[in-house]
Amino acid sequence: MGSELHRAAGGLRRRVRMVRHRGEQVSCPLCGRSFRCFMDAWNRPDAICWRCGSHERHRALWLFLEQRPELLAGAGSLLHFAPEWALRRRFSQLTHLRYVTADLSDPDVDLQLDLTALALPDASYDAVVCSHVLEHVSDDRAAMSELRRITAPGGWCLVMVPLDLGRSQTYEDPSITSPEERERAYRQHDHLRLYAADIGARLQQAGFAVERVEPAGSFGPEALARCRLLESDYIWLCR
């Protein structure tokens with residue numbers, strides 16, 4: 001009873017916030033709702049959808065999949081690492097798709113998996129989504145090789161990471177170990193590196209053919225403004 005009351009109270013608060021911020025200035029492609037503005041995140045304004053909780057990167061990824069419908073249409077199975085609620089909800093609605101969620105420690109997933117040593121057969125999934133996970137993984141090159149191994153021939157893997165467009169090379173230093181040092185160096189206490197666009201070369205070295213998708217060029221300025229996308233939220237389509 002207590003958990004039901006808690007969920008009901010949370011739903012009521014969400015509906016009140018949605019009404020309070022109703023408008024047409026911004027829109028979320030994941031839930032289809034429009035608002036006067038999005039909710040502020042802890043480190044940036046106008047970032048989170050009031051209805052579904054999507055962040056900029058989730059909206060960019062879904063816009064990309066809408067722009068390239070053949071990707072999901074041609075996939076019979078999809079493995080989603082560290083599944084975010086807004087994307088999880090949309091993927092699970094695709095009746096043709098065997099949708100599987102995975103995480104190392106979250107109990108609310110289908111599979112508990114270590115990304116650097118996946119307990120899965122080769123070519124297990126037609127599609128894989130790995131968004132904002134690799135920056136938390138100590139051996140990201142091993143993780144990339146495992147992503148390549150489980151992606152079926154003709155399939156694809158979508159990778160996103162926090163990106164510093166001002167850097168030419170990914171910054172990582174094994175001597176940086178404390179949460180405070182990591183936050184200063186990598187922008188977040190549990191990140192192990194700060195990626196630059198050379199992540200594309202790392203993914204290629206793992207055996208992928210890589211296509212870099214830049215929001216500004218792929219979606220245009222109107223979508224960037226209306227969906228409040230970040231120019232740094234590159235999508236790496238790996239085949």
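Above this text you will find the structure in question.
The text that follows walks through the structure, step by step, so that each part is easy to find.

## Overview of helix 5 (residues 140–150)
So, step 1. Listed as buried for helix 5 are D140, A143, M144, E146, L147 and I150. The buried residues of helix 5 occupy an angular sector of 160 degrees when projected down its axis, which confines them to one face.
So, step 2. Elements that come into contact with the buried residues of helix 5 comprise strand 3 (77–81), strand 6 (125–131), strand 7 (151–160) and helix 7 (199–205).

## A closer look at the packing of helix 2 (residues 56–67) against helix 4 (residues 85–92)
So, step 1. Where helix 2 meets helix 4, the axes come as close as 10 Å, and the angle between the chain directions of the two elements is 25 degrees. Taken together, the axes of helix 2 and helix 4 are roughly parallel relative to one another. Both helix 2 and helix 4 take part in a crossing whose hand is right-handed. In this structure, helix 2 contributes H58, L61, W62 and L65 to the contact, and helix 4 contributes L87, R90 and F91.
So, step 2. Of the residues contributing to the contact of helix 2 with helix 4, the split by class is 5 nonpolar, 1 polar and 1 charged.

## Concerning the nonpolar core
Generally speaking, nonpolar side chains in soluble globular proteins are found buried as a group.
So, step 1. One finds F64, L65, L78, F91, W156 and F219 to be the most contacted residues of the largest nonpolar core, which totals 37 residues.
So, step 2. If you list the elements that add at least two residues to this core, you get helix 2, helix 3 (69–73), helix 4, strand 6, strand 7, helix 8 (215–226) and strand 9 (235–238).
So, step 3. Per-element tally for this core: the top contributor is helix 2, with 6 residues.
So, step 4. In this structure L78 touches L72, F91, L97, R98, Y99, V100, Y125, A127, V129 and W156, once residues within four positions along its chain are discounted.

## Let's talk about the pairing of strand 6
So, step 1. Among the 7 residues in strand 6, 6 count as buried, and that is most of the element.
So, step 2. Summarising the sheet, strand 3 and strand 6 pair through 4 bridges and their orientation is parallel. Residue pairing for strand 6: L79 is matched across the bridge by V128.
So, step 3. With 6 bridges connecting them, strand 6 and strand 7 associate as parallel partners. Within strand 7, the position partnered with C130 by the bridge is V159.
So, step 4. Assessed by its sense of winding, the connection that carries the chain from strand 6 through helix 5 to strand 7 is right-handed.

## Examining the state of the cysteines
So, step 1. Enumeration over the complete set of coordinates arrives at 0 disulfides.
So, step 2. Here C227 is not disulfide-linked; the sulfur of C28 is the nearest cysteine sulfur, at 7.6 Å.

## Looking at the packing of aromatic side chains
So, step 1. Counted by the stated rule, this structure contains 4 aromatic pairs.
So, step 2. Seen in terms of ring centroids, W62 and F91 are 5.7 Å apart; in terms of plane orientation they differ by 65 degrees. Their pairing is edge-to-face. Taken as a pair, W62 in helix 2 and F91 in helix 4 lie far apart in primary sequence, 29 residues in all. Accessibility classification places W62 together with F91 in one group, the buried group.
So, step 3. Plain terms: the ring middles of F91 and Y99 are 5.6 Å apart, the flat faces sit at 45 degrees to each other, and that makes the pair tilted.

What counts and what doesn't
- Numbering of residues starts from 1 in every chain and runs along the sequence as written.
- Per-residue local features of the predicted model are confined to residues with pLDDT of at least 70, and side-chain atom pairs are confined, for both listing and counting, to 80 or more; whole-chain, interface and lining totals are unaffected and use all residues.
- Side-chain descriptors were evaluated using all non-hydrogen atoms of the structure, hydrogens and water having been removed beforehand.
- Relative accessible area decides the class of each residue, using a 1.4 Å probe on protein chains only: under 20% of the type maximum gives buried, over 50% gives exposed, and in between gives partly exposed.
- What counts as a helix is a DSSP run of H or I of at least four residues, what counts as a strand is a run of E of at least two, and both are numbered from the N terminus.
- Read the arc as the range of directions from the helix axis to the C-beta atoms.
- By definition in these notes, contact holds between two residues if any of their heavy atoms fall within 4.5 Å.
- Lines fitted to C-alpha atoms define the axes here, with helix axes fitted over just the stretch in contact, and angles between the N-to-C directions of these axes take values from 0 to 180 degrees.
- Orientation is classified from the angle alone, with under 35 degrees giving roughly parallel, over 145 giving roughly antiparallel, 65 to 115 giving roughly perpendicular, and any other angle giving oblique.
- Two helices crossing with the near one rotated counterclockwise from the far one by less than a right angle form a left-handed crossing, whereas a clockwise rotation gives a right-handed crossing.
- Classes in brief: Ala, Val, Leu, Ile, Met, Phe, Trp, Tyr, Cys and Pro nonpolar; Asp, Glu, Lys and Arg charged; the others, Gly included, polar.
- The nonpolar core is taken to be a set of buried Ala, Val, Leu, Ile, Met, Phe, Trp, Tyr and Cys residues, with the residues joined through side-chain atoms within 4.5 Å.
- Any two strands with at least two DSSP-identified bridges between them are counted as paired.
- With the strands pointing away from the viewer, any crossover whose connection runs clockwise from the first strand over the helix to the second is right-handed.
- For this text, the term disulfide refers to a pair of cysteine sulfurs within 2.5 Å.
- A pair of Phe, Tyr and Trp rings is counted when the ring centres sit within 6.5 Å of each other, with Trp represented by its six-membered ring. The angle between the planes then sorts it: under 30 degrees is stacked, over 60 is edge-to-face, the rest tilted.

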